[in-house]
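In case you want the letters, here they are:
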Amino acid sequence: MINNKTIYHIVTTSGENYNSVYLNWHSDKNNSYVLLKEADDSNFKKMKPTSAIYWDTKNTFNANSEDSFYINTRYVCYLHLTDLSDNTIYEYKIVNDDEESDTYSFKITSDTSLKFLAFSDLQNPGNLVTHNLMNKLSELCPDANLMVCSGDLTGTAANESEWTWLLDNSINPFKDKIFSSSVGDHEYWGKDVGRGIPMMNIPDTYNHIFRNPQNGPINYLNSSYYFIKSRVLFIFLNMGDSNTIKGPIFEEQILWFNDTINALKEQYDFLIILAHKSLYGSTLIDPGVAKYIKPVWTKVFDNANVDLVISGHDHLYSRTKQLYQDQVSNNSNKGCFYLDLGSSGNKRRNLDGTTDDNLHECIIDINGLNIAVGATCEVENDSLIVKIYDQEGILRDHFRINKKF
Ligand SMILES: [Fe+2]
């Protein structure tokens, strides 16, 4: 039981395409099920979970009482829904012997329009800055049915209370949206965070909260994946795994990325990457990014002609010009924009001067201004329009990316 609830961590994640989703939840009982209906219908339909696996991991991963996710047993459940109807709002509740959840909802749009909200680094429990920001952006862009995030959803992912803070809050922004994320380094943290050693070898608690499309590389199954919506290919990369910033697992993800691009190249107009670490963010905060990750991934992104990379990790805000081969592109059909959203939560850092170069178009001192930021994104005709807002709804930056020909 978590916070007197026997059903908790309810969240809707995207399936493999625009009209499929996963409904995720945890239950103390093994007989929980979903009541689902279209919003216009009067009656709910009972549906069994696709999977309900008993989580009993006491004494694993060196966990102690601070790693409370590993102390509380539960059933980890999801229901995979496919071929849902266009332009339809679905409502659902989770039920078990003891309890019926609040009503959650999500909207399936048609496959010809796309509006979504983007966030980074939601982490830092103990306040509602994150939730207020997410709700403010939902208000500003009410047609967005999808929220994406580039990782660091929690500070210490093995600590159950951080997931409770994120997902079970009274002003829950996840209640009527589809949410898809990549993992950050903090999705690997347990009690050893104080010693700088990630506790988990895989983002274990993350993987048991979010079921994502199972189309990623073997070693990062569920934390790297893709889907296509409205001719936008979203690829979520695992750049949270600090132990494998080089070596075979690192290379496996690149091979998978290139294979994915080649297989899907006729199916998309825009290619957007969600990846935790900012290739053009601060070079001081995580020196491994500039040394190992950036030289390799910028080449991969150039070859794939990526349009936009959304990242965070350094808790600064910066946006580059269109870059190709580590320089400002002189051909608008080549090159990528790097958006370091820095922080959508309450953890921010001071600018350190390392983004003061001719590669950047916009730098915002989010710590000095005391703001969290997120983006509304919209595909309109042949453009992707991105607007950056703070938690008060003040527009702080905006830019447009044109479709390449
Ligand atoms: Fe991070």
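Look up: the structure comes first, before these words.
Described below are features of the structure shown in this document. It should be emphasised that the depicted structure is a prediction, and the values quoted were computed from it without experimental measurement.

**Regarding the sheet that holds strand E15 (residues 308-312)**
Working step 1: Sheet architecture is open: 7 strands sit in the order E12-E13-E14-E15-E19-E16-E20, paired in mixed fashion. Each edge of the open sheet is held by one strand with a lone partner, namely strand E12 (225-229) and strand E20 (360-364). Here the average twist between neighbouring strands, direction ignored, is 15°.
Working step 2: The sheet contacts of helix H4 (residues 248-264) involve E12, strand E13 (232-237) and strand E14 (270-277), and relative to E13 the element is tilted by about 170°.
Working step 3: Docked against the sheet, helix H5 (residues 287-304) engages E13, E14, E15 and strand E19 (337-340), running at close to 170° with respect to E14.

**Notes on empty space enclosed by the protein**
Working step 1: Considering all chains together, one arrives at 4 cavities of 30 Å³ or more under this definition.
Working step 2: In this structure, the largest cavity encloses a volume near 70 Å³.
Working step 3: Mapped by element, the contributors of at least two residues to the lining of the largest cavity are H4 and H5.
Working step 4: Along the lines of polarity and charge, the residues of the lining of the largest cavity split into 6 nonpolar, 5 polar and 2 charged.

**Describing the sheet that holds strand E7 (residues 88-95)**
Working step 1: The antiparallel open sheet is built from 4 strands, whose spatial order is E4-E3-E7-E8. In this open sheet, the two edge strands, each paired with only one partner strand, are strand E4 (45-47) and strand E8 (104-108). When the angles between neighbouring strand axes are averaged without regard to direction, this sheet yields 30°.
Working step 2: Note: E7 against E8, 5 bridges, orientation antiparallel.

**Notes on the side chain of Ser27**
Working step 1: Along the polypeptide, Ser27 turns up in strand E2 (residues 21-27).
Working step 2: Relative accessible area serves as the criterion here: at 0%, Ser27 is assigned to the buried category.
Working step 3: At 2.9 Å, the side chain of Ser27 and the backbone oxygen of Lys29 are in polar contact.
Working step 4: In this view, Ser27 contacts Thr6, Ser32, Arg74, Tyr75 and Asn96; residues no more than four positions away in its chain are not counted.

**As for the coordination of the iron ion**
Working step 1: Within the protein, the iron ion binds to Asp152 (OD), Asp185 (OD), His276 (NE2) and His313 (ND1); these donor distances fall in the range 2.1 to 2.2 Å.
Working step 2: Coordination geometry of the iron ion: the 4 donor atoms subtend angles of 87 to 163° at the metal centre, consistent with an arrangement described as irregular.
Working step 3: Spacing between the donor residues of the iron ion along the chain follows D-x32-D-x90-H-x36-H. Highlighted residues: Asp152 in the loop between strand E10 (146-149) and helix H2 (160-167) and His313 in the loop between E15 and strand E16 (317-320), separated in sequence by 161 residues. With respect to class, Asp152 is no different from His313; both count as buried.

**Section: the packing of H4 against H5**
Working step 1: Relative to each other, H4 and H5 sit at 10°, their axes nearing to 11 Å. Taken together, the axis directions place H4 and H5 in an arrangement best described as roughly parallel. Of the residues in H5, those in contact with Phe250, Gln253, Ile254, Phe257, Asn258 and Ile261 of H4 are Tyr292, Ile293, Val296, Trp297, Val300, Phe301 and Ala304.
Working step 2: Residue composition of the contact of H4 with H5, grouped by class: 11 nonpolar, 2 polar and no charged.

**Regarding the nonpolar core**
Working step 1: In this structure, Phe106, Trp163, Phe179, Phe234 and Leu308 are the most contacted members of the largest nonpolar core, which totals 87 residues.
Working step 2: Among the elements that line this core, the one with the most residues is strand E6 (residues 74-81), at 5 residues.
Working step 3: Other than its neighbours up to four places away in sequence, Phe106 contacts Thr12, Val21, Leu23, Leu81, Leu84, Thr88, Ile89, Tyr90, Tyr92, Asp176 and Ile178.
Working step 4: In this structure, Leu233, Leu237, Tyr268 and Leu323 belong to the second largest nonpolar core, which totals 31 residues.

**Here's the deal with the pattern of salt bridges**
Working step 1: This structure, assessed with the given rule, holds 17 salt bridges.
Working step 2: The salt bridge partner of Lys5 is Glu99, with a shortest N-O separation of 3.9 Å. Linking Lys5 in the segment before strand E1 (7-14) with Glu99 in the loop between E7 and E8, this pair joins segments that are 94 residues apart in sequence.
Working step 3: The exposure class of Glu99 is buried, given its relative accessible area of 17%.

**A few points about the side chain of Arg319**
Working step 1: In this structure, Arg319 sits in strand E16.
Working step 2: Residue Arg319 is classed as buried on the basis of its relative accessible area of 7%.
Working step 3: Separated by 2.8 Å, the side chains of Arg319 and Asp397 make a polar contact.

**Thoughts on the layout of surface pockets**
Working step 1: Space inside the largest pocket adds up to approximately 300 Å³.
Working step 2: Forming the walls of the largest pocket are 19 residues, and the residues nearest its centre are Asn207, His208, Arg211, Gln214 and Asn222.
Working step 3: Among the secondary structure elements, those contributing two or more residues to the lining of the largest pocket are strand E5 (51-55) and E6.
Working step 4: When residues in the lining of the largest pocket are grouped by element, the largest group, 3 residues, is from E6.
Working step 5: The residue makeup of the lining of the largest pocket, split by class, is 10 nonpolar, 8 polar and 1 charged.

Conventions adopted
- Residues numbered from 1 in each chain as written.
- Predicted model: local features only at pLDDT ≥ 70, side-chain atom pairs only at ≥ 80, totals over all residues.
- Heavy atoms only, no water.
- Pairing = 2+ DSSP bridges.
- Helix = DSSP H or I, 4+ residues; strand = E, 2+ residues; numbered from the N terminus.
- Axes fitted to C-alpha atoms, helices over the stretch in contact; angles between N-to-C directions.
- Contact = heavy atoms within 4.5 Å.
- 1 Å grid on protein atoms, 1.4 Å probe; cavity = no way out; pocket = protein on both sides within 12 Å on 5 of 7 lines; lining within 4 Å.
- Points joined across faces, edges and corners; volume = space filled by probe spheres on them.
- Nonpolar A, V, L, I, M, F, W, Y, C, P; charged D, E, K, R; others polar.
- Buried < 20%, exposed > 50% of the residue type's maximum accessible area, 1.4 Å probe, protein only.
- Polar contact = N/O pair within 3.5 Å; in protein donor to acceptor, adjacent residues only side chain to side chain.
- Donors = N, O, S within 2.8 Å, 3.2 Å for Na, K, Ca; no water.
- Tetrahedral: all angles 85-135°; square planar, octahedral: opposite > 155°, others 65-115°.
- Parallel < 35°, antiparallel > 145°, perpendicular 65-115°, else oblique.
- Core = buried A, V, L, I, M, F, W, Y, C linked by side-chain atoms within 4.5 Å.
- Salt bridge = Lys/Arg side-chain N within 4 Å of Asp/Glu carboxyl O.

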